[in-house]
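# Architecture and fold: a report
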Amino acid sequence: MQSLPRKSAKAPSYLQLVQQQRFKVAKGFLDSMTGLIAVTFRNLAGKATAHNIAFQNNIQNVVKGEYPDFSLDYENALLSKGILHPAEQATVQSAGESKLRFEWNKDGSVHHMAGSSNRAILIAYCPETNQTHYHIKGAFRYKGTGLLNASLFSGMEVETWMAFIAEDGSNVSDSCYVGRVRVE
């Protein structure tokens, strides 16, 4: 039986403070989307949890800046990782009524890992509130467009990503950053 580790009486070093702050920034971001990550990283989770795998895939690429003023590099965030073909030429725009319209190249479904029955995963993250809203199993890949109700973020700017998931949920694609948009 092991005992719990004791809190050190020694002050943390500068490098420890830097690493602690990097972890805090990355963890705060990923904690806002725990349910999403449980689905989009589950195929990679062996002994580690899906959340730990997502953290490992993001800590080095997403946190940028100098201590103590770290920020997030949203374009490099990986919110889904898998073997399906990712979205191509993805765009997002406000569609009114607090909805976001995502569009992608539907001709990409000819790729052998891009079945037309794949469903879109649409994701919006609001840095102002540190909240994420997403829709798993949205529109079919072959449609080339899908809507996300983002009324939670009405009047605010959000960062957006999308990915695809197999109809049976067995596989996902890597996510792709779509862009920043204001929810109208």
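In what follows, the structure referred to is the one given above.
First things first, this report covers the structure right here in the doc. (Residues numbered from 1 in each chain as written. Predicted model: local features only at pLDDT ≥ 70, side-chain atom pairs only at ≥ 80, totals over all residues. Heavy atoms only, no water.)

## Describing the overall build of the protein chain
Secondary structure summary: the protein chain contains three helices and nine strands in total. Secondary structure of the protein chain in N-to-C order comes out as α-α-α-β-β-β-β-β-β-β-β-β. Buried residues in the protein chain amount to 41% of all 184 residues. If you take every contact in the protein chain between residues at least 6 apart in sequence, the share linking residues at least 24 apart comes to 66%. In the structure as shown, the protein chain presents an accessible area of about 10200 Å², 50% of it carried by carbon and sulfur atoms. Within the protein chain, one finds 19 positive and 16 negative side-chain charges whose respective centroids are separated by 9 Å. (Helix = DSSP H or I, 4+ residues; strand = E, 2+ residues; numbered from the N terminus. Buried < 20%, exposed > 50% of the residue type's maximum accessible area, 1.4 Å probe, protein only. Contact = heavy atoms within 4.5 Å. Areas by Shrake-Rupley, 256 points an atom, 1.4 Å probe, with all protein chains shown as cover. Lys, Arg positive; Asp, Glu negative; His and termini not counted. Charge placed at Lys NZ, Arg CZ, Asp CG, Glu CD.)

## Let's talk about the sheet that holds strand 3 (residues 91-94)
Taken together, the three strands give an open sheet; going across it, the order is 3-4-7, and neighbouring strands pair in antiparallel fashion. With partners counted over all chains shown, the strands left at the sheet margins are strand 3 and strand 7 (145-149), one partner each. The mean angle between the axes of side-by-side strands here comes to 25°, regardless of whether they run parallel or antiparallel. Pairing geometry for strand 3 and strand 4 (residues 99-103), over four bridges, is antiparallel. Bridge assignment links Q93 to a residue of strand 4, and that residue is R101. (Pairing = 2+ DSSP bridges. Axes fitted to C-alpha atoms, helices over the stretch in contact; angles between N-to-C directions.)

## Section: the state of the cysteines
Across all of its chains, the model carries zero disulfides by this definition. The closest cysteine sulfur to the non-disulfide-bonded C126 is located on C176, 20 Å from its own sulfur. For C176, a relative accessible area of 16% corresponds to the buried category. (Disulfide = S-S within 2.5 Å.)

## Observations concerning the packing of aromatic side chains
Inspection of the entire model under this criterion finds eleven aromatic pairs. Judged by centre distance (6.2 Å) and plane angle (65°), the rings of Y74 and W161 are edge-to-face. Of this pair, Y74 sits in the loop between strand 2 (69-72) and strand 3 while W161 is found in strand 8 (residues 157-165), placing the two residues 87 residues apart along the sequence. Residue class for Y74 comes out buried when judged on its relative accessible area of 14%. Exposure remark for W161: the relative accessible area of 0% places this residue in the buried category. Three or more aromatic residues joined by ring pairs form one cluster here, namely F29, Y74, Y125, W161 and Y177. Against the face of F70 rests R22, its NZ or CZ located 5.9 Å from the ring centre. (Phe/Tyr/Trp six-rings, centres within 6.5 Å; stacked < 30°, edge-to-face > 60°. Lys NZ or Arg CZ within 6 Å of the ring centre and 35° of its normal.)

## Regarding the pairing of strand 1 (residues 63-66)
A regular strand places its side chains so that they alternate between the two faces of the sheet. Pairing analysis gives four bridges linking strand 1 to strand 2, with the strands arranged antiparallel. When the sheet's bridge partners are listed, E66 is paired in strand 2 with D69. Count of turn residues in the strand 1/strand 2 antiparallel hairpin: two residues.

## Here we look at helix 3 (residues 50-62)
With 13 residues, helix 3 extends 17 Å between its outermost C-alpha atoms, agreeing within 8% with the 18 Å of an ideal straight helix rising 1.5 Å per residue. Looking only at helix 3, the buried set comprises A50, I53, A54, F55, N58, I59 and V62. (Expected span 1.5 Å × (residues − 1).)

## A closer look at the nonpolar core
Judged by nonpolar contacts, the single largest core of 30 residues is most densely connected at F29, M33, L79 and W161. Sorting the residues of this core by element identifies helix 1 (14-31), helix 2 (34-40), helix 3, strand 2, strand 5 (119-126) and strand 8 as the ones contributing at least two each. The residues touching L79, leaving out its near neighbours within four places in the chain, are F29, L30, M33, L36, T40, F41, I123, W161 and S175. (Core = buried A, V, L, I, M, F, W, Y, C linked by side-chain atoms within 4.5 Å.)

## Observations concerning the sheet that holds strand 8
Read across the open sheet, the four strands follow the order 6-5-8-9; overall the sheet is antiparallel. Single-partner strands in this sheet number two, and they are strand 6 (131-135) and strand 9 (176-182). Pairs of neighbouring strands in the sheet enclose a mean axial angle of 25°, with direction left out of account. As judged from the six bridges shared by strand 8 and strand 9, these two strands associate in the antiparallel manner. Note that in strand 9 the partner of E157 across the bridge is R182.

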